[in-house]
Amino acid sequence: MVGLLSGVAAGLALVGLLAARLLGEARRLRAQVARTRAELEPRCRVLRELTEDARRDVR
């Protein structure tokens, strides 16, 4: 019985550790997405404006 409880406790500790690592990685990825978006947004805005200007010129 003690062995079973020890196994369960070790398993739960492992699951907790893996969950904490997963959450940390998710935070890092969100930060990376935010940095990439901040980098690309101005360029994307310029391209949208150029596209709209080109569409107006075609009409």
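Here's a quick rundown of the structure. All of these numbers come straight from a predicted model, not from anything done at the bench.

Section: the pattern of salt bridges
Considering all chains together, one arrives at 4 salt bridges under this definition. With a shortest N-O distance of 3.0 Å, Arg-28 and Glu-25 are connected by a salt bridge. Of this pair, Arg-28 and Glu-25 both sit in helix α1 (residues 2-58), 3 residues apart, which is roughly one turn of that helix. For the salt bridge of Glu-52 with Arg-55, the shortest nitrogen-to-oxygen distance reads 3.1 Å. Here the residue Glu-52 and the residue Arg-55 both occupy positions in helix α1, the gap between them amounting to 3 residues, near one helical turn.

With respect to a nonpolar patch on the surface
Taken together, the side chains of Met-1, Leu-4, Leu-5, Val-8 and Leu-12 present a nonpolar region at the surface, about 590 Å² in accessible area. Topologically, Leu-5 is positioned in helix α1. A relative accessible area of 54% places Leu-5 in the exposed class.

Quick notes on α1
Count 3.6 residues to each turn of an α-helix, and residues three or four apart come out pointing the same way. In this model, α1 (57 residues) spans 79 Å end to end at C-alpha, consistent with the 84 Å of a helix rising 1.5 Å per residue. Taken as a whole, α1 carries its principal kink of about 35° at Leu-40; the proline Pro-42 stands between one and four residues after it.

Criteria and thresholds
Residues numbered from 1 in each chain as written. Predicted model: local features only at pLDDT ≥ 70, side-chain atom pairs only at ≥ 80, totals over all residues. Heavy atoms only, no water. Salt bridge = Lys/Arg side-chain N within 4 Å of Asp/Glu carboxyl O. Helix = DSSP H or I, 4+ residues; strand = E, 2+ residues; numbered from the N terminus. Patch = residues over 30% accessible without salt bridge, like charges linked within 9 Å, V, L, I, M, F, W, Y side chains within 5 Å. Areas by Shrake-Rupley, 256 points an atom, 1.4 Å probe, with all protein chains shown as cover. Buried < 20%, exposed > 50% of the residue type's maximum accessible area, 1.4 Å probe, protein only. Expected span 1.5 Å × (residues − 1). Bend = angle between axes of the 7 residues up to and from the residue.

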